[in-house]
Amino acid sequence: MLPTGAVPFRFPRRIPDARKAEVSVPAALSLFAPHLGAVIASTVFGTTSTIVSGLITAGILFIGGLLINKLCPMKADTSQLDDINSASTYSWNKVKSSVVQGGALAVTYGSYLTAGTILIRHVKVVDNDQYLLMLLTGGQGLVNSISDIKINDMPITCYSDVEWHCELGSNHQQPMSFFEGKTYSDQSLSFELQSDGSHDAKPEDWCYAITEGNRGSGVEFLFEFPSGLYAVDNESGDLSDAWCWIEMEGREISDEEYYSPTFDIRNCNDWYHLDKVKLEEQKTEGFSVSYTFEGFSYARFAVRVRCIKDAPSQYIVNKLMWLQLSHIVDCDFARPGKVLLGLKIKATNQLSGDVNVTWIQTRNHIWAYNPNTSSYVQQPATNPAWAAYDMIHGARNIDGIFVYDGIAAKHIDYDAFQAWAERCDAWNLEFNYIFSSPDDLWNQLQIPEAVGLGKVLIRGTKVTCVYDQFSDPVQLFTVSNINDNSFSIDYLPMLDRANAIEVTFINKLKNYQKDTISVYTTEYNEVGVIQNPTQLSLDGCVSTQQALRYAMYHLNQNHYLTRTVTFTADIDSLACTLGDQILI
C-alpha cells in the first residue's frame with residue numbers, strides 16, 4: 001500500500017547492455033561532428049566561416065549516420081510481444097498450466113477458464129500404485145467459486161480414486177490435508193541402474209543426484225521396473241521370481257561446499273547408509289516402488305543409488321529406472337490470499353504423459369471507494385468500468401481492513417467511473433478475463449476499455465474516464481473562438497472502406513476456446529462491390545451476442561464517419577473537455 005497522499009510514478013526502463021552501444025555511438029557522433037567540421041574547414045578550405053563548417057558538419061552527420069545504421073542496426077524491442085505471445089489466457093492453443101517461477105500473479109474478473117500455475121507436482125507410490133499429487137494456484141484471491149474442473153479435457157468425475165480440494169484465497173485458509181504436512185520439490189531423472197550380473201557391487205555402478213534446495217529434512221526415491229520383474233524357465237517356459245537389490249546412500253552438502261568450483265560429487269566421502277532393499281517379484285507388468293527417508297537436519301542432500309541383479313537376458317526381465325528424487329520440506333504452507341486447487345488422483349491405468357488441469361474461476365465483485373459515503377462498496381467485477389477501476393486502485397478487504405496496491409482513491413474520479421459503469425449496464429456490456437502475464441498498466445487497461453467502449457485518462461491530478469454515450473452539445477465553436485487559418489475539413493475516402501468485420505473472441509459455449517465470427521454490410525454481396533474485410537480482437541468478451549454487437553458498432557462507425565474537422569482554439573475559450581459533444 002502506498003503512503004498517504006503518495007502518487008506512484010513509473011521509472012524509465014534501464015537500457016539493456018546489448019543496446020548501450022547502439023545509443024552511445026550516435027550520441028558520440030553528434031558530439032564530435034561540429035568540432036571535426038570546424039577542423040576540416042580551417043585546414044582543407046582555409047576558412048573559419050560558420051556556414052562552411054556547418055555544411056561540412058551536416059555531411060559528416062549524414063554519412064556517419066548511414067554507416068552507423070549499416071554497421072549497428074537498431075533492433076526492435078519485442079519483449080512485450082514475447083510476453084503476450086507466451087500468455088496462455090488468450091491464445092489459439094489450449095489453456096495449459098504455467099510452471100515458470102517468479103511469474104505474474106493472475107487477477108480474475110468475472111468467470112474465465114484457467115489452468116493456473118503449478119506449485120507442487122509429486123508422484124507418490126502406495127501399494128504399487130502411483131498417485132499424482134498436484135497443487136495449483138489460480139492467482140490472487142478472494143474469488144467466489146471454482147467449478148467445472150477437468151483433467152486432460154475430461155471432467156474430474158470421470159476418474160476413480162480422486163480427491164480434490166479448493167481454497168478461494170482467504171487469509172485464514174488451511175493447508176491441503178492430503179499433502180500430510182509436507183511440501184515436495186521433485187527432480188525428474190532418467191537413470192537406468194546397471195549391473196553386470198556378477199552379484200558384486202562396484203564403485204562405478206553408483207548413480208548420483210543432488211537436491212535443488214537446501215532447506216529440506218528428507219528425501220524420497222522413485223524407481224520403476226517398466227517391463228516388470230520376472231524370470232522365464234528356458235525349458236518349460238514357466239514364470240518364476242526375479243530379484244534385485246537396491247542400495248541407497250546419502251550425505252549433507254553445505255552451501256560453501258556446493259558452490260566451490262572444485263566440488264565433485266563423485267569424490268565426496270563420508271556417505272552414510274540409508275537402506276539396502278531386496279525386491280523379489282513375478283510381475284509381467286510395469287510397476288513402481290518408492291522409499292522415503294526423513295528426520296534429517298535442514299540441508300541440501302547428495303544421494304547415490306546402485307543395484308545388484310542378474311544380467312538381463314531373454315529369460316530374465318529386470319530393467320530398473322531411477323525416475324525421481326524428491327526433496328521433502330517438513331512443513332505445509334497455507335498460502336493465504338492465493339486461490340488454490342489441490343488434487344490427489346490415482347495415476348495407474350488412468351493417466352499417462354502430460355497432465356493438464358483446468359477449471360472455471362469466478363470473481364463476482366471488486367471493492368471501490370465511494371467518496372460520497374466515505375466507505376468502500378462492492379461493485380460487479382464483470383462491468384468493464386469497475387474492472388478498470390480495480391486495476392487502477394487494487395483494493396482488498398483483509399479482516400475488515402482495506403488496503404490497496406495501486407493509486408489512492410482520492411486521485412480517482414469515482415463519479416466518472418460510476419457513470420461509465422451505468423452505461424455499460426444499459427448496453428449489457430460484460431467483461432470476463434484473467435490477467436496472467438505482466439505488462440504495463442496502460443496496455444492492460446486497453447482490454448476493458450475496448451469491451452466497455454471507453455477510455456481511461458489522466459485529467460489534472462485525477463484518473464478519470466470517458467466513454468461513448470448520447471449527450472447534448474456543451475459548446476459552440478464559430479469564427480469568434482476558432483484561431484485564424486486553423487480550420488480544416490478532411491473528407492474520408494469511401495472506396496477502400498471495410499464492408500465486413502471478423503471479430504475474434506473467447507467463446508464460453510465452446511469451452512472458452514478462441515472463436516471468430518463475421519459480420520457483413522448489406523452491400524457486401526452485391527455485384528461490383530469490392531469485398532474488403534478487416535479483423536478485430538475483443539479480449540474479455542465470452543459472448544457471441546456481445547461480439548456481434550461490437551462488430552456492428554464498428555461497422556456503423558466505419559459507415560457514418562465520413563469527415564473530420566481540425567482546428568485550434570485558445571485555452572481561455574474552451575468550456576469543454578475530452579469526450580464532450582460540440583457544435584461547429
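Parameters at a glance
- Residues numbered from 1 in each chain as written.
- Predicted model: local features only at pLDDT ≥ 70, side-chain atom pairs only at ≥ 80, totals over all residues.
- Heavy atoms only, no water.
- Axes fitted to C-alpha atoms, helices over the stretch in contact; angles between N-to-C directions.
- Helix = DSSP H or I, 4+ residues; strand = E, 2+ residues; numbered from the N terminus.
- Parallel < 35°, antiparallel > 145°, perpendicular 65-115°, else oblique.
- Left-handed = near helix turned anticlockwise from the far one by under 90°.
- Contact = heavy atoms within 4.5 Å.
- Nonpolar A, V, L, I, M, F, W, Y, C, P; charged D, E, K, R; others polar.
- Phe/Tyr/Trp six-rings, centres within 6.5 Å; stacked < 30°, edge-to-face > 60°.
- Buried < 20%, exposed > 50% of the residue type's maximum accessible area, 1.4 Å probe, protein only.
- Lys NZ or Arg CZ within 6 Å of the ring centre and 35° of its normal.
- Pairing = 2+ DSSP bridges.

**Remarks on the packing of helix 5 (residues 384-393) against helix 7 (residues 441-452)**
In step 1: Close contact between helix 5 and helix 7 brings their axes to 8 Å; oriented N to C, the two are set at 165°. Judged by the angle between their axes, helix 5 and helix 7 are roughly antiparallel. Judged by the sense of rotation from one axis to the other, the crossing of helix 5 with helix 7 is left-handed. Of helix 7, the residues touching helix 5 (which contributes P384, A388, M391 and I392) are L441, Q444, L445, P448, V451 and G452.
In step 2: Broken down by class, the residue content of the contact of helix 5 with helix 7 amounts to 8 nonpolar, 2 polar and no charged.

**Observations concerning the packing of aromatic side chains**
In step 1: Evaluation of the coordinates by the stated rule reveals 29 aromatic pairs.
In step 2: Relative to W420, the ring of F417 has its centre 6.2 Å away and its plane inclined at 40°; by these criteria the two rings are tilted. Here W420 and F417 lie together in helix 6 (residues 414-426), a separation of 3 residues that amounts to about one turn.
In step 3: By relative accessible area, which is 0% here, W420 ends up buried.
In step 4: Here the aromatic cluster, defined as three or more aromatic residues joined through ring pairs, consists of Y109, Y112, F431, Y433, F435 and Y512.
In step 5: Directly above the ring of Y258 sits R300, whose terminal nitrogen or CZ lies 4.0 Å from the centroid.
In step 6: Over the ring of Y131 we find K344; its NZ or CZ atom is 5.7 Å from the centre of that ring.

**What about the sheet that holds strand 28 (residues 500-507)?**
The strands that make up a sheet are held in pairs by hydrogen bonds between backbone atoms, and each pair lies either parallel or antiparallel.
In step 1: The strand order 29-28-30 describes an open sheet built from 3 strands, whose pairing is mixed. Of all the strands in the sheet, just strand 29 (513-520) and strand 30 (533-537) have a single pairing partner and so form its edges. For this sheet, the mean angle separating the axes of adjacent strands, direction not counted, is 25°.

**Some words on unusual backbone geometry**
In step 1: In the segment running from G141 into L142, the intervening peptide bond is cis, with an omega of 15°.
In step 2: Tracing the backbone through its elements, the reader meets L142 in the loop between strand 3 (129-140) and strand 4 (145-151).
In step 3: At R335, a position not held by glycine, the phi torsion is positive, near 55°.
In step 4: Turning to its location among the elements, R335 is positioned in the loop between strand 16 (321-329) and strand 17 (338-346).

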